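A closer look at the structure
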Amino acid sequence: MRWGIAGTGGISQQVAADLSLVSNATIAAVSSRHAETAQKFARTFSIPAHGDDYLSMLDSDIDAVYIGTPQVTHFEYAREALSRGRHVLCEKPMGLNAVEVRELAGIAAKSGVFLMEAMWMKFNPLYLRLQEVIGGGAIGEVRGIRASFGAPFPEDDSSRWKPGGSSLLDQGIYPVTLSHMFLGTPSTITAAGLRRENGIDVSANFTLDYRSGTFAHGASSMVNFLDQSASLSGTTGWITMDAGFWFASQFTVHRFSIETGETTETFQTKREGNAYVPMLREVTAAILDGKREHALHSLDETARIFDTLDEIRRQIKTY
């Protein structure tokens with residue numbers, strides 16, 4: 001698989017390093033808004049082709065493109081790549097709303113190419129183990145989820161502070177995805193937060209309710225810290241996940257009974273590279289196998305998650 005990388009920021013650097021650990025994958029080209037930045041990136045990761053023209057990279061000798069540019073550009077860049085017959089792995093969020101996600105899915109289907117949002121959390125070996133443990137009845141039926149991701153980012157010239165920036169799409173997407181993984185699509189959504197006059201939601205908190213009485217509480221913020229751990233509560237116990245739950249390598253199962261009190265069992269997995277390796281390996285294999293999406297993060301499920309994100313954002317008021 002000959003990969004092209006769009007964008008040379010921190011995440012693209014981690015992805016490039018992890019792609020070097022994936023067999024049957026090589027980076028053939030990189031593009032950036034600035035030629036000198038692309039050249040430096042190419043030199044660091046031994047990439048043969050580089051430049052400041054994204055369209056030229058798409059027309060070069062590559063099979064697929066990883067899009068790691070600012071989120072406001074994801075839809076446009078993915079649409080162009082798909083239309084030119086390139087497979088696409090797009091950094092989250094894949095679009096700014098569910099309409100854009102479904103449009104990209106339609107273009108991918110028409111072009112006969114692979115498309116996936118780079119939700120690395122779902123490919124984390126710890127999450128695969130978590131699903132096994134929960135599926136085995138470790139905490140009974142999952143009835144509640146709590147997860148949040150908040151950190152104050154400096155108000156600089158970065159894209160997160162420009163129109164299209166969003167705490168919910170950048171950070172809150174992880175708690176929402178976690179809730180969809182184990183509880184599915186909510187029946188009722190209640191949300192609040194802070195949106196600035198330029199349209200950027202800088203914080204959000206939400207409750208996802210289900211007809212069965214289960215629920216999920218989530219929050220995101222780029223103006224203050226929030227507890228970055230997560231928990232899943234069940235009928236016979238609960239599970240806690242370490243801070244940085246979306247890339248964690250450890251979780252603990254807690255059980256309680258009157259006779260024995262609380263007992264715990266901890267599960268750990270080993271991180272490969274920067275933790276993108278499992279996803280990159282799976283996506284590369286899927287494309288080489290002729291698949292057009294990956295079952296772990298299907299396009300239909302991605303769109304449903306964005307339906308939830310859209311409703312949360314709709315309820316956030318401007319102050």
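Presented here is an overview of the structure given in this document. (Residues numbered from 1 in each chain as written. Predicted model: local features only at pLDDT ≥ 70, side-chain atom pairs only at ≥ 80, totals over all residues. Heavy atoms only, no water.)

**So, the overall build of the chain**
What the chain contains, in helices and strands, is nine helices and 14 strands. Expected size for 319 residues packed as a compact globule is a radius of gyration near 20 Å; at 20 Å, the chain falls within 12% of this value. For the chain, the spread of C-alpha atoms along the three principal axes comes to 65 × 45 × 35 Å. Out of the 319 residues in the chain, the part that is buried amounts to 53%. Nonlocal contacts in the chain, meaning residues at least 24 apart in sequence, comprise 68% of its contacts between residues at least 6 apart. Put simply, the chain shows about 13800 Å² of open surface, and 49% of that area lies on carbon and sulfur atoms. (Helix = DSSP H or I, 4+ residues; strand = E, 2+ residues; numbered from the N terminus. Rg over C-alpha atoms; globule rule 2.2 N^0.38 Å. Buried < 20%, exposed > 50% of the residue type's maximum accessible area, 1.4 Å probe, protein only. Contact = heavy atoms within 4.5 Å. Areas by Shrake-Rupley, 256 points an atom, 1.4 Å probe, with all protein chains shown as cover.)

**As for the pairing of strand E14 (residues 261-268)**
In this sheet, E14 lies alongside strand E13 (residues 250-257) in antiparallel orientation, the contact comprising eight bridges. Across the sheet, the residue bridging to histidine 254 is threonine 264, located in E14. The turn linking E13 back onto E14 is made up of three residues. (Pairing = 2+ DSSP bridges.)

**Regarding the sheet that holds strand E10 (residues 215-221)**
Pairing within the open sheet is mixed, and its eight strands lie in the order E8-E9-E10-E7-E11-E12-E13-E14. Whereas interior strands pair on both sides, the edge strands pair on one side only; in this sheet they are strand E8 (188-195) and E14. Pairwise comparison of adjacent strand axes, ignoring direction, gives a mean angle of 10 degrees for this sheet. Pairing geometry for strand E12 (residues 237-241) and E13, over five bridges, is antiparallel. When the sheet's bridge partners are listed, threonine 240 is paired in E13 with threonine 252. Across the sheet, helix H9 (residues 299-315) lies against E8 and strand E9 (201-209), angled at about 55 degrees from E8, the strand it touches most. (Axes fitted to C-alpha atoms, helices over the stretch in contact; angles between N-to-C directions.)

**So, the side chain of serine 221**
With respect to the element layout, serine 221 can be found in strand E10. Accessibility expressed as a relative area gives 1% for serine 221, which makes it buried.

**Quick look at the pairing of strand E4 (residues 64-67)**
Burial along E4 is two-sided: the face carrying Ala64 and Tyr66 and the face carrying Val65 and Ile67 are both buried. In this structure, strand E1 (residues 2-6) lies alongside E4, joined through four bridges in parallel fashion. Bridge pairing in E4 places tryptophan 3 opposite alanine 64. Bridge count between E4 and strand E5 (residues 87-91): four bridges; the pairing is parallel. Within E5, the position partnered with valine 65 by the bridge is valine 88. Regarding topology, helix H4 (residues 74-83) serves as the crossover connection from E4 to the parallel E5, and that connection is right-handed. (Right-handed = clockwise from strand over helix to strand, strands pointing away.)

**Let's talk about a nonpolar patch on the surface**
On the surface, a nonpolar cluster with roughly 360 Å² of combined accessible area is contributed by Trp238, Phe256 and Ile258. Structurally, isoleucine 258 can be placed in the loop between E13 and E14. (Patch = residues over 30% accessible without salt bridge, like charges linked within 9 Å, V, L, I, M, F, W, Y side chains within 5 Å. Salt bridge = Lys/Arg side-chain N within 4 Å of Asp/Glu carboxyl O.)

**A short note on the packing of helix H5 (residues 98-111) against H9**
For the pair H5 and H9, interaxial distance at closest approach is 8 Å and the crossing angle is 165 degrees. Taken as axis vectors, H5 and H9 run roughly antiparallel relative to one another. Every pair of crossing elements has a handedness; the one defined by H5 and H9 is left-handed. Together, Ala98, Val101, Arg102 and Ala105 of H5 and Leu299, Thr302, Ala303, Arg304, Phe306, Asp307 and Asp310 of H9 make up the contact between the two elements. (Parallel < 35°, antiparallel > 145°, perpendicular 65-115°, else oblique. Left-handed = near helix turned anticlockwise from the far one by under 90°.)

**With respect to helix H7 (residues 167-183)**
A rise of 1.5 Å per residue sets the reference length of H7, with its 17 residues, at 24 Å; its end C-alpha atoms lie 23 Å apart and thus fit the reference within 8%. The sharpest bend along H7 measures roughly 50 degrees and falls at isoleucine 173, with the proline proline 175 sitting one to four residues further on. Among the 17 residues of H7, 17 are classified as buried, and the element is accordingly described as predominantly covered. Within two residues after H7, glycine 184 carries a phi angle of roughly 90 degrees, on the positive side. (Expected span 1.5 Å × (residues − 1). Bend = angle between axes of the 7 residues up to and from the residue.)

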